[in-house]
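Listed here are the chains, written in short residue letters.
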Amino acid sequence: MWNPSPTAHSFPPSVLARRSEFRKRKLGLMPSAVRRLLDTCGEVFADGGAGIVPSSEDVDRIMSILDGIDASDVGLTPDMSYFRRGASRGTPVITYLPIRELEQFSMVIFCLPPSGVIPLHDHPGMTVFTKLLFGSMHIKSYDWVNVPQNLAELVNPLQPTSLPPGLRLAKVKRDAIFTAPCRTSVLYPEDGGNLHCFRARTCCAVLDVLGPPYSSARGRDCTYYHDRPYAWFPGG
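Every value quoted in this text rests on a predicted model; they were computed, and no experiment measured them.

K.L.:
Could you give an account of the pattern of salt bridges, with specific residues and numbers?
P.N.:
Taken as a whole and assessed by the stated rule, the structure comprises four salt bridges. Ionic pairing is found between E43 and R61, a salt bridge with its closest N-O pair at 2.6 Å. Taken together, the positions of E43 in helix α2 (residues 32-44) and R61 in helix α3 (residues 56-67) put the pair 18 residues apart, joining distant regions of the chain. For R61, a relative accessible area of 34% corresponds to the partly exposed category. Its salt-bridge partner being R218, residue E103 comes within 2.7 Å of it at the nearest N-O pair. On the criterion of sequence distance, the pair formed by E103 in the loop between β3 (94-101) and β4 (106-112) and R218 in the loop between β11 (204-211) and β12 (223-227) is long-range, its members being 115 residues apart. Per residue, the accessibility class of E103 equals that of R218, and both read exposed. Among the ionic contacts, a cluster of salt bridges with common partners joins E43, D58 and R61.

Rules used in this analysis
Residues numbered from 1 in each chain as written. Predicted model: local features only at pLDDT ≥ 70, side-chain atom pairs only at ≥ 80, totals over all residues. Heavy atoms only, no water. Salt bridge = Lys/Arg side-chain N within 4 Å of Asp/Glu carboxyl O. Helix = DSSP H or I, 4+ residues; strand = E, 2+ residues; numbered from the N terminus. Buried < 20%, exposed > 50% of the residue type's maximum accessible area, 1.4 Å probe, protein only.

So this is what it looks like as structure tokens:
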């Protein structure tokens, strides 16, 4: 069962954007593998939009390129400051490094220090490719379950008002530890684990391709969620 968090739209405070530094360092000298990925994504997502899934052939094209990319292609190493937890015992800061942000797709890197967490969030209407460049992380993902509109009565007909508003039922798609090198994963608008959470076991770098990207103007906000087991609710 799910209860949307009050934190929605954009990234949570634990994520730190360092855009200009990465662009100055990387975009002038782009490795051929990254350039090929950008060109292919430009072709695949040229006529795309929310809810439009690329063909299986196009999905394979992007995955095959991503499978061949590693941290050296984007100029990252685990000893960089992005991946240090720091002296503070507070929430580890996660760094967001955009490679390219266009209307049709975006390509970004997330840098997670050990114990860094990207909270449970969704990708409305998107197809998303995720490549773990280095490190080890736990990924838990979910897909929504289609149920009758009156979910409260489905869960407990005797106490329909006992459930908080905004509740939805979901099923676990993936609950596992991933360690680089590993294959690229892909999620879709309606399946494949459209909602997921990342928890870094070591320092990690994650390359994401999102088509189409988040856009508040187009109603594609990032919403964060709390997950609760089904049995946690009355009548469960």
